[in-house]
Amino acid sequence: SDFYQAKRDQFCRLLQGSRFRFTPAAGTYFQLLDYSEISDENDVDLATRLTKEHKVAAIPISVFYAEPPPTRLLRFCFAKDDRTLERAAEILCAL
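Residues numbered from 1 in each chain as written. Predicted model: local features only at pLDDT ≥ 70, side-chain atom pairs only at ≥ 80, totals over all residues. Heavy atoms only, no water.

Caption draft 1: The environment of Asp34, seen in detail. As for its position among the elements, Asp34 is in strand E1 (residues 30-34). Put simply, Asp34 and Leu74 are 40 residues apart on the chain and 6.7 Å apart in space, counted from C-alpha to C-alpha. Once you skip the residues sitting within four places of it in the chain, Asp34 turns out to touch Arg19, Phe20, Arg21, Arg72 and Leu73. Polar contacts involving the side chain of Asp34 include one to the side chain of Ser36, which spans 2.6 Å. (Helix = DSSP H or I, 4+ residues; strand = E, 2+ residues; numbered from the N terminus. Contact = heavy atoms within 4.5 Å. Polar contact = N/O pair within 3.5 Å; in protein donor to acceptor, adjacent residues only side chain to side chain.)

Here you go:
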């Protein structure tokens, strides 16, 4: 758990200058990021665009619900090597 906590802390620290809002995740290796200040797109469309245009994969949370909540959240895995986290954060901070 110390390993994943350090990865989470690193990812969150790297995103500090971004327009994403978040509370550090607990008990998982996924971080939820609120993108409501960045886009009005639904989460599936934004996740698809991030993957295709920016090569950053995100998981839309709406796919886990029969009736998705009215939020603008994407799920990002931070169980990655340092360079991958750094590059992803660079891209996300530029949005």
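Caption draft 2: Local environment of the nonpolar core. Counting 18 residues, the largest nonpolar core has Phe11, Leu50, Leu74, Phe76 and Leu92 as its most contacted members. Looking at this core, the elements with two or more residues in it are helix H2 (43-54), strand E3 (73-77) and helix H3 (82-93). Considering every element that reaches this core, the biggest residue donor is H3, with five residues. Each residue touching Phe76, except ones within four places of it in the same chain, is listed here: Phe11, Tyr29, Phe30, Gln31, Leu33, Leu50, Val56, Ala57, Ala58 and Leu92. (Core = buried A, V, L, I, M, F, W, Y, C linked by side-chain atoms within 4.5 Å. Buried < 20%, exposed > 50% of the residue type's maximum accessible area, 1.4 Å probe, protein only.)

Caption draft 3: The arrangement of the pairing of E3 in detail. Pairing between E1 and E3: five bridges, direction antiparallel. Looking at E3, one finds that Leu33 is bridged to Leu74. Examined bridge by bridge, strand E2 (residues 59-60) and E3 share two bridges and lie antiparallel to one another. Paired with Ile59 across the strands is Arg75, a residue of E3. (Pairing = 2+ DSSP bridges.)

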